[in-house]
Amino acid sequence: MTANAARKTLPSYALYGAQAAVDSVHHERIPSRASRFGFEIEPHYHDALIQVLYLTHGGGETSIDGQIWRFDAPCLIVVPARSVHGFRFRNDVDGHVITTAQSAIESIAMTAAPELLTVIRTPAVLTVDPHSRRGGPLEALFDAIGREAEHPERWQYTAGLALTIALLVQIARQSEQARLAGNPARAALVARIERFRLLLDERCRTRQPVARYADAMGISAGQLTRICREAFGISAIEAIDRRAVHEARRLLVYSTLSVKQIARELGFRDEAYFGRFFRKQTGQPPTEYRLQEQGRLSHRA
């Protein structure tokens, strides 16, 4: 039976066994609901709600849209809206489950990080290493969502959504790590891209040539340019220039430094050279850009 056919005959809940609306980011411990049903959650779906589970103890089995996964803690489970799903948990299960409106999460993702939409809309079961850099923050994020859910305050829903987006970023990273584990060549490329990004952040104020970045990465300048074209669709020098422009824009709008001081801060030999560079990259002189953007900020205030 397809998921669409199943939805015609299966119950739709806000929370399993209840019809009360979920109008915030809801949080509960997995046993608090699962134990009431003998740790077996029959197939059902949530019409507009996404659920994310984080098992910290125990394990079990889940079926999501016809695909069966067996899982053991620690692991993450993503159940998008309208996915037909059920669970059989072991009696020793523990962990968190959050439930919220998928449309609200998608609206934020569309603006801030469209790549997250795939994570939000795709059922997944992901093994977690709780001691890894990516696994470590999960418990803290779920605890923070729980505190927001349990103690109503002003902007509670906004805070809950923001924390949920942060959680989905962690899930996206876990998912990417799992994919790369089976593709060593791709993993090596991603590692080099991340290394280059870190170097750009560290050196964006020093105007270093491509060869200096390549040397720091232990590769040739040609290899670095090939990596940039594959990852970003631009050359290495274009990537360096774009990072410098980003820093220049930030300083022009949010600092009180003069254009001459900003030029010196970013490693340009003089103000005129910086002005030509900035205009070539943005189509505007630095002073004109500063006035325009600071004017926009004052109107929003």
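Remember, it's a predicted structure, so these values are computed and weren't measured experimentally. (Residues numbered from 1 in each chain as written. Predicted model: local features only at pLDDT ≥ 70, side-chain atom pairs only at ≥ 80, totals over all residues. Heavy atoms only, no water.)

Chemist: Would you mind going over the overall build of the chain with me for this structure?
Modeler: Scanning the chain for helices and strands turns up 13 helices and 9 strands. Here the chain holds 301 residues, and 44% of them are scored as buried. Partitioning the contacts of the chain with sequence separation of at least 6, the portion at a separation of at least 24 is 69%. Accessible area for the chain stands at about 16,200 Å²; split by element, carbon and sulfur atoms hold 51% of it. (Helix = DSSP H or I, 4+ residues; strand = E, 2+ residues; numbered from the N terminus. Buried < 20%, exposed > 50% of the residue type's maximum accessible area, 1.4 Å probe, protein only. Contact = heavy atoms within 4.5 Å. Areas by Shrake-Rupley, 256 points an atom, 1.4 Å probe, with all protein chains shown as cover.)

Chemist: Help me understand the packing of aromatic side chains in this model?
Modeler: Where two aromatic rings form a pair, the distance of their centres and the angle of their planes describe that pair. All chains considered together, the criterion is met by 9 aromatic pairs. With centroids separated by 6.2 Å and ring planes inclined at 65 degrees, the aromatic side chains of phenylalanine 71 and phenylalanine 89 adopt a geometry described as edge-to-face. Here phenylalanine 71 is found in strand β5 (residues 67–72), whereas its partner phenylalanine 89 is found in strand β7 (residues 85–89), with 18 residues between them in sequence. Judged by its relative accessible area of 3%, phenylalanine 71 is buried. Through successive ring pairs, a cluster of aromatic residues spans Phe268, Tyr273, Phe274, Phe277, Phe278 and Tyr289. Of note, arginine 207 hangs over the ring of phenylalanine 277, and the distance from its end group to the ring centre comes to 4.8 Å. Here the guanidinium or amino end of arginine 269 rests over the ring plane of tyrosine 273, the centre of that ring lying 4.2 Å away. (Phe/Tyr/Trp six-rings, centres within 6.5 Å; stacked < 30°, edge-to-face > 60°. Lys NZ or Arg CZ within 6 Å of the ring centre and 35° of its normal.)

Chemist: Looking at this structure, how should I read empty space enclosed by the protein?
Modeler: Remark: the empty space left among the atoms is shown by a probe the size of a water molecule rolled over them. Under the criterion given, the structure shown has 2 cavities of 30 Å³ or more. By volume, the second largest cavity amounts to about 50 Å³. What lines the second largest cavity is simply Ser24, Val25, Ile145, Glu148, Ala149, Gln156, Tyr157 and Gly160. Looking at the lining of the second largest cavity, the elements with two or more residues in it are α5 (137–150) and α6 (156–181). (1 Å grid on protein atoms, 1.4 Å probe; cavity = no way out; pocket = protein on both sides within 12 Å on 5 of 7 lines; lining within 4 Å. Points joined across faces, edges and corners; volume = space filled by probe spheres on them.)

Chemist: What exactly am I supposed to notice about the nonpolar core here?
Modeler: A general feature of soluble globular proteins is that nonpolar side chains tend to end up buried together. Formed by 29 residues in total, the largest nonpolar core has its most connected members in Val52, Leu76, Leu116, Ile120, Phe142, Leu167 and Ile171. Mapped onto this core, the elements with two or more residues apiece are β3 (49–57), β6 (75–79), β8 (94–101), α3 (102–112), α4 (116–121), β9 (124–127), α5 and α6. Among the elements that make up this core, the one with the highest residue count is α6 (6 residues). If we ignore the near neighbours within four places in the chain, the residues touching leucine 76 are Val52, Leu53, Tyr54, Ala124, Val125, Leu126, Val128, Leu138, Phe142, Ile171 and Gln174. (Core = buried A, V, L, I, M, F, W, Y, C linked by side-chain atoms within 4.5 Å.)

Chemist: Quick question: what am I supposed to make of the environment of isoleucine 41 here?
Modeler: Topologically, isoleucine 41 is positioned in strand β2 (residues 40–44). Residues isoleucine 41 and glycine 86, spaced 45 residues apart in sequence, show a C-alpha to C-alpha distance of 5.2 Å.

Chemist: What is the right way to look at the sheet that holds β2 in this model?
Modeler: Across a sheet, paired strands are connected by hydrogen bonds in the backbone, their directions being either parallel or antiparallel. Taken in spatial order, the 4 strands line up as β2-β7-β4-β5 in an open sheet, and their pairing is antiparallel. Sheet topology places β2 and β5 at the edges, where each strand pairs with a single neighbour. The sheet shows a mean angle of 15 degrees between the axes of neighbouring strands, taken without regard to direction. Summarising the sheet, strand β4 (residues 59–64) and β7 pair through 5 bridges and their orientation is antiparallel. (Pairing = 2+ DSSP bridges. Axes fitted to C-alpha atoms, helices over the stretch in contact; angles between N-to-C directions.)

Chemist: Mind showing me how you'd approach the packing of helix α10 (residues 236–254) against helix α12 (residues 271–282) here?
Modeler: When two helices pack together, you describe them by how their axes are tilted relative to each other and by the distance separating the axes. Where α10 contacts α12, the two axes come as close as 11 Å, and the packing angle between them is 105 degrees. Overall, the two elements α10 and α12 adopt an arrangement that is roughly perpendicular. Residues Asp241, Ala244, Val245, Ala248, Arg249 and Leu252 of α10 touch α12, and the partners they reach there are Phe274, Phe277, Phe278, Gln281 and Thr282. Of the residues belonging to the contact of α10 with α12, the class tally is 7 nonpolar, 2 polar and 2 charged. (Parallel < 35°, antiparallel > 145°, perpendicular 65-115°, else oblique. Nonpolar A, V, L, I, M, F, W, Y, C, P; charged D, E, K, R; others polar.)

Chemist: What should I look at first to understand the pattern of salt bridges in this one?
Modeler: Summed over the entire model, instances satisfying the criterion amount to 17 salt bridges. Among the ionic pairs, arginine 33 bridges to glutamate 28, the shortest N-O distance being 2.7 Å. Of the two residues examined, arginine 33 and glutamate 28, each falls in the buried class. One salt-bridge network, held together by shared partners, links Asp201, Arg205, Arg243, Glu247, Arg250 and Glu265. (Salt bridge = Lys/Arg side-chain N within 4 Å of Asp/Glu carboxyl O.)

Chemist: Even after reading the chapter, I still don't get the pairing of β4, so can you show me in this structure?
Modeler: For a regular strand, side-chain orientation follows a simple rule: the groups alternate between the two sheet faces. Examined bridge by bridge, β4 and β5 share 6 bridges and lie antiparallel to one another. From the neighbouring strand, threonine 62 faces β5, where its bridge partner is tryptophan 69.

Chemist: Got a minute to help me understand the sheet that holds β3 in this structure?
Modeler: Read from one edge to the other, the open sheet built from 5 strands follows the order β1-β8-β3-β6-β9, with strand pairing classed as antiparallel. What marks the edges here is a single partner per strand, and that holds for β1 (26–29) and β9. Along the sheet, successive strands turn relative to each other by an average axial angle of 15 degrees, direction set aside. Direction of pairing for β1 relative to β8: antiparallel, over a ladder of 4 bridges. Pairing of histidine 27 across the sheet is with isoleucine 98, part of β8. α3 rests against β3 and β8 of the sheet, and its axis sits at about 80 degrees to β8.

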